[in-house]
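# Fold and geometry: a report
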Amino acid sequence: MAAQSRINVQGKTEKKEGWEDTEFPILCETCLGPNPYVRMARETFGKECKICSRPFTCFRWKPGREARYKKTEVCQTCAKMKNVCQTCLLDLQFALPVQVRDQFLPEAERIDVPQGNVNMEWMRHQVEHRIKNNDMPYGKMHVNPELLRLARVSPYYKRNAPHVCSFFIKGECTRGAECPFRHELPESGEMAEQNIKDRYHGVNDPVAEKLVHEKDAPHAVDPQPSVDPSLTTLFVGNVDTNRIGEADILFAFHKCEDDVQSVRLAPRVRAAFVTFRTHGGAAQALEKLCNKLEIRGSKLRLAWGHPQGEQPKGLPCPVQRDPGVVSHESTPPASLPSSSTTPGVPSSGSIPVVVPMGRPYYPSMDPHYRGSAPRQIKNKKG
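Residues numbered from 1 in each chain as written. Predicted model: local features only at pLDDT ≥ 70, side-chain atom pairs only at ≥ 80, totals over all residues. Heavy atoms only, no water.

Strand order across the open sheet formed by 3 strands is E3-E4-E5, with antiparallel pairing between neighbours. In this open sheet, the two strands that pair with only one neighbour each are strand E3 (40–48) and strand E5 (70–71). Pairing between strand E4 (residues 55–61) and E5: 2 bridges, direction antiparallel. Among the inter-strand pairings, Arg-60 is bridged to a residue of E5, identified as Lys-71. (Pairing = 2+ DSSP bridges. Helix = DSSP H or I, 4+ residues; strand = E, 2+ residues; numbered from the N terminus.)

Time to look at a nonpolar patch on the surface. On the surface, Phe-168, Ile-169 and Leu-185 cluster together into a nonpolar patch covering about 310 Å² of accessible area. By secondary structure assignment, the location of Phe-168 is in helix H6 (residues 166–170). (Patch = residues over 30% accessible without salt bridge, like charges linked within 9 Å, V, L, I, M, F, W, Y side chains within 5 Å. Areas by Shrake-Rupley, 256 points an atom, 1.4 Å probe, with all protein chains shown as cover. Salt bridge = Lys/Arg side-chain N within 4 Å of Asp/Glu carboxyl O.)

With the rule as written, the count across this model stands at 12 salt bridges. Asp-248 is the salt-bridge partner of Arg-296, the closest N and O atoms lying 3.1 Å from each other. Here Arg-296 is found in the loop between strand E9 (294–295) and strand E10 (298–299), whereas its partner Asp-248 is found in helix H9 (residues 246–252), with 48 residues between them in sequence. Exposure remark for Arg-296: the relative accessible area of 54% places this residue in the exposed category. Several salt bridges share partner residues, and in doing so they unite Lys-47, Lys-50, Lys-71 and Glu-73 into one network. (Buried < 20%, exposed > 50% of the residue type's maximum accessible area, 1.4 Å probe, protein only.)

On to helix H4 (residues 117–132). The terminal C-alpha atoms of H4, which comprises 16 residues, lie 23 Å apart, in line with the 22 Å expected from a rise of 1.5 Å per residue. Buried within H4 are the following residues: Met-120, Met-123, Arg-124, Val-127, Glu-128 and Ile-131. Relative to the axis of H4, the buried residues are bounded by an arc of 140 degrees and lie together on one face. Of the exposed residues in H4, those oriented more than 90 degrees away from the buried face are Val-118, Trp-122 and Lys-132. (Expected span 1.5 Å × (residues − 1). Arc of directions from axis to C-beta.)

Read from one edge to the other, the open sheet built from 4 strands follows the order E7-E8-E6-E11, with strand pairing classed as antiparallel. The open sheet has two free edges, formed respectively by strand E7 (260–266) and strand E11 (301–304), since each of these has just one partner strand. Strand-to-strand twist across the sheet, computed as the mean angle between neighbouring axes with direction ignored, equals 20 degrees. Pairing of strand E6 (residues 233–237) with E11 involves 4 bridges; the strand directions are antiparallel. Of the residues in E11, the one forming a bridge with Phe-235 is Ala-303. (Axes fitted to C-alpha atoms, helices over the stretch in contact; angles between N-to-C directions.)

Turning next to the pairing of strand E8 (residues 271–276). Each regular strand displays side chains that alternate between the two surfaces of the sheet. Counting buried residues in E8 gives 6 out of 6 residues, a clear majority hidden from the surface. The alternating pattern of E8 places Ala-271, Phe-273 and Thr-275 on one face and Ala-272, Val-274 and Phe-276 on the opposite face, and all of these are buried. For E7 and E8, the ladder comprises 6 bridges, and the chain directions are antiparallel. Note on E8: the bridge partner recorded for Ser-262 is Thr-275. Between E7 and E8, which pair antiparallel and follow one another directly, the connecting turn spans 4 residues, one of which, Arg-270, has a positive phi of 55 degrees.

Attention now moves to the packing of aromatic side chains. Taken as a whole and judged by the stated rule, the model has 3 aromatic pairs. The lysine or arginine in question, Arg-60, covers the ring of Tyr-69, its NZ or CZ lying 4.3 Å from the ring centre. If you follow Lys-170 out to its NZ or CZ, it ends over the ring of Phe-167, 6.0 Å from the centre. (Phe/Tyr/Trp six-rings, centres within 6.5 Å; stacked < 30°, edge-to-face > 60°. Lys NZ or Arg CZ within 6 Å of the ring centre and 35° of its normal.)

Take the nonpolar core next. Ranked by internal contacts, the top residues of the largest apolar core, which has 30 residues, are Cys-49, Ile-51, Cys-78, Met-81, Met-120 and Tyr-200. Listing elements by their share of this core, those giving two or more residues are helix H2 (76–82), helix H3 (98–103), H4 and helix H8 (206–216). No other element matches H4, which puts 4 residues into this core. Judged by nonpolar contacts, the second largest core, of 23 residues, contains Val-239, Ile-244, Ala-252 and Phe-276. (Core = buried A, V, L, I, M, F, W, Y, C linked by side-chain atoms within 4.5 Å.)

So, on to the state of the cysteines. Put plainly, a disulfide is one covalent bond tying together the sulfur atoms of two cysteines. Counted under the stated rule, the structure contains 0 disulfides. Cys-49 takes part in no disulfide bond, and the closest cysteine sulfur, belonging to Cys-52, lies 3.6 Å away. (Disulfide = S-S within 2.5 Å.)

This prediction gives the protein a mean pLDDT of 75; 70% of its residues lie at or above 70. E5 holds the highest mean pLDDT among the elements of the protein, 94, whereas strand E1 (residues 4–7) holds the lowest, 44. Segment residues 1–15: pLDDT under 50, and 21 contacts once partners within four positions in sequence are set aside and those in other chains are kept. Scored below 50 in pLDDT, residues 310–350 makes 39 contacts in the model with residues more than four places away or belonging to other chains. (pLDDT = per-residue confidence, 0-100. Contact = heavy atoms within 4.5 Å.)

With that out of the way, let us pick up the pairing of E3. Where E3 and E4 come together, 6 bridges link them in antiparallel fashion. The residue of E4 that forms the bridge with Glu-43 is Cys-58. Hairpin geometry of E3 and E4 is characterised by an intervening segment of 6 residues between the two adjacent antiparallel strands and by a positive phi of about 65 degrees at Ser-53.

Now the structure itself:
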């Protein structure tokens, strides 16, 4: 990029190569906060990018009343190369770490950013040329079902909470409730040792490893005995129907094959339902395979299942109505009491009330109900 120059406040001329000057940052919805009216402080060339070490325009704002001040950490070119937020470095589409996102993408769709200065400069020029031609990195990304399942669909504003008060940890904070920092004990272990460069390049990210571990190893569940002895169905969760079929699930229950009656897949909810002949067979299978069921490398969740459309006891069962027949509730009564006693005026029961098919009937729909009958007009005698 051709060298450019600018004149600072003191009148000195400074040269810059590739310095970034922008009007608005690239941020995710969580970092912006719930308030649609955000006041930002913009400082031109006020900070150095933590990835490419180039000066860029820094933005600083407060995403909420009870949040901490946040600022951009990387330049927009580095953020566009990985399709991440300039502050939290999470993917803009799925709100996931780069390591988790790239794990479920084909190798041809990934962009590995070099860490050397010379290679990084060459990569930056290549990406800027692609952006000018409207060819954004990760713009034609193949949507993986696992990414859709792990993606965060709503903002997580707890990530904007203030930092932990260092004086509170030492027992020396005297502000009390007026302290703008959190009075909590800090996290220990791998989560306390996070590196921004590792998160950007997608290597050794403890947050990503935690998400992958939770996906592969679901929470342990104690097999609870069923209160209803008539239940004979088990629910199998986390079933990828593209790789796991009914034969695979039936083979997983081979020790209880004599008691298995049917296996039904539910692709929309990524689950399956295994029905047994007896309640005892289902309870025995749940006790043996709970937290141990694994098919084709995927650990599945096992619990009691309820038949579809089952109504709790004590509640009235809905009436199945024929669309061409109007029930008694939506049919007007044959006759209604009228408050009009004027002779010659027909009673309300003799005037038919037309009610559209399928609509409920209310007394206010009858114009002759409760004294609203039309008055009889008497002819004047000559």
